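Analysis of the macromolecular model
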Amino acid sequence: MEKLILKANSKYDLKVLTDFNRYNLYSSLQSKIVTILSILLIIFGIVSINSSIELRAITILVGIIWFIELLVLPKINAKKVLKSSKISSEADVEFEFYEEKVVTKTIKDGKEMAKGELNYKELYKIVDLKKYIYLYISSNQAFICSKDKMDGNYNELSEILKSTLGKKYKI
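Next up on the list: the sheet that holds strand β6 (residues 132-138). Read across the open sheet, the 4 strands follow the order β7-β6-β5-β9; overall the sheet is mixed. The two strands at the open ends of the sheet, each matched to only one other strand, are β7 (141-146) and β9 (169-170). With 6 bridges joining them, β6 and β7 adopt antiparallel strand pairing. Its bridge partner being in β7, Tyr-136 is matched across the sheet by Ala-142. Where helix α1 (residues 14-27) meets the sheet, it contacts β5 (125-128), β6 and β7, and its direction lies at approximately 65 degrees from that of β6.

Next up, the structure:
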């Protein structure tokens, strides 16, 4: 039997899902490109003295709208997920990390609703942040493991993930 390295418990609430959506939005290349273009639009609107005031106002407005979207979209999308998924919004997800795999259990009202087992090598990637570990099963789907309810040897797990996943493990 494999040695249990670490246990964790997560609840997918509005804050957790908003943080996840914010991370995905802010780290995507498309968002970075659109942000740069938005900044350029705002600068153009401010410094282009020879252009009409209407054109300048429109370019500044388009640039500002993008920044408002960056702030608002992660929370809107998190609310949609919570509204559409009764299991996620009312359940706890327990994680058991072993040397070669992670076992997830979805628990609702004290009953196990679902159980899954993933070998680390089968994961798309793992992103290890200050508050969370995101276990991606595809480019846009992940299990969210909160670090505030962990019990075990985090450093040992981190070393195992580094050696097993290489570049697919991002800290």
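Past the structure itself, the notes keep going.
Glancing now at the pairing of β6. Burial analysis of β6 places 5 of its 7 residues in the buried class, which makes it a mostly covered element. The hairpin formed by β5 and β6 contains 3 residues between the paired strands. Here β6 folds back onto β7 in antiparallel fashion, the turn holding 2 residues.

Moving on, we get to the nonpolar core. Phe-95, Phe-97, Tyr-120, Ile-126 and Ile-144 are the most contacted members of the largest nonpolar core, which has 30 residues in total. When contributions to this core are tallied by element, the ones reaching two or more residues are β1 (4-11), α1, α3 (53-84), β2 (92-98), β5, β6, β7 and α5 (154-165). Element by element, the count of residues in this core is highest for β6, at 5 residues. Apart from residues lying up to four places away in sequence, Tyr-120 is in contact with Phe-97, Tyr-98, Glu-99, Glu-100, Lys-101, Val-102, Ile-126, Leu-157, Ile-160, Leu-161, Thr-164 and Leu-165.

Our next topic: the pairing of β1. Pairing between β1 and β2: 7 bridges, direction antiparallel. Opposite Leu-6, over in β2, you have Phe-97 as the bridge partner. One ladder, built from 3 bridges, connects β1 with strand β8 (residues 150-152); its direction is antiparallel. Along β8, the bridge assignment pairs Ala-8 with Met-150.

One pass over the structure, following the stated rule, counts 7 aromatic pairs. With centroids separated by 6.4 Å and ring planes inclined at 85 degrees, the aromatic side chains of Phe-95 and Phe-143 adopt a geometry described as edge-to-face. Of this pair, Phe-95 sits in strand β2 while Phe-143 is found in strand β7, placing the two residues 48 residues apart along the sequence. Taking the relative accessible area as the measure of exposure, Phe-143 reaches 22% and is therefore partly exposed. Relative to Tyr-136, the ring of Tyr-134 has its centre 6.4 Å away and its plane inclined at 85 degrees; by these criteria the two rings are edge-to-face. Like Tyr-136, Tyr-134 is buried. Ring pairing ties together the aromatic residues Phe-20, Tyr-23, Tyr-132, Tyr-134 and Tyr-136, which thus form one cluster.

This part is about the confidence of the model for the protein chain. Mean pLDDT for the protein chain: 85, with 96% of residues reaching 70 or above. For the protein chain, helix α4 (residues 86-90) is the element with the lowest average pLDDT, namely 61, and β6 is the one with the highest, namely 90.

If you walk across this open sheet you meet the 5 strands as β4-β3-β2-β1-β8, and the pairing is antiparallel. The sheet is open, and its two borders are formed by β4 (111-119) and β8, each paired with just one other strand. Here the average twist between neighbouring strands, direction ignored, is 15 degrees. Set on the sheet, α5 makes contact with β1, β2 and β8; between it and β1 the angle comes to about 100 degrees.

This next bit is on the environment of Ala-8. Assignment of secondary structure puts Ala-8 in strand β1. Sequence-distant contacts of Ala-8, defined by excluding residues within four places in its chain, comprise Val-93, Glu-94, Phe-95, Cys-145, Ser-146, Lys-149 and Met-150.

Reading the values: the criteria
Residues numbered from 1 in each chain as written. Predicted model: local features only at pLDDT ≥ 70, side-chain atom pairs only at ≥ 80, totals over all residues. Heavy atoms only, no water. Pairing = 2+ DSSP bridges. Helix = DSSP H or I, 4+ residues; strand = E, 2+ residues; numbered from the N terminus. Contact = heavy atoms within 4.5 Å. Axes fitted to C-alpha atoms, helices over the stretch in contact; angles between N-to-C directions. Buried < 20%, exposed > 50% of the residue type's maximum accessible area, 1.4 Å probe, protein only. Core = buried A, V, L, I, M, F, W, Y, C linked by side-chain atoms within 4.5 Å. Phe/Tyr/Trp six-rings, centres within 6.5 Å; stacked < 30°, edge-to-face > 60°. pLDDT = per-residue confidence, 0-100.

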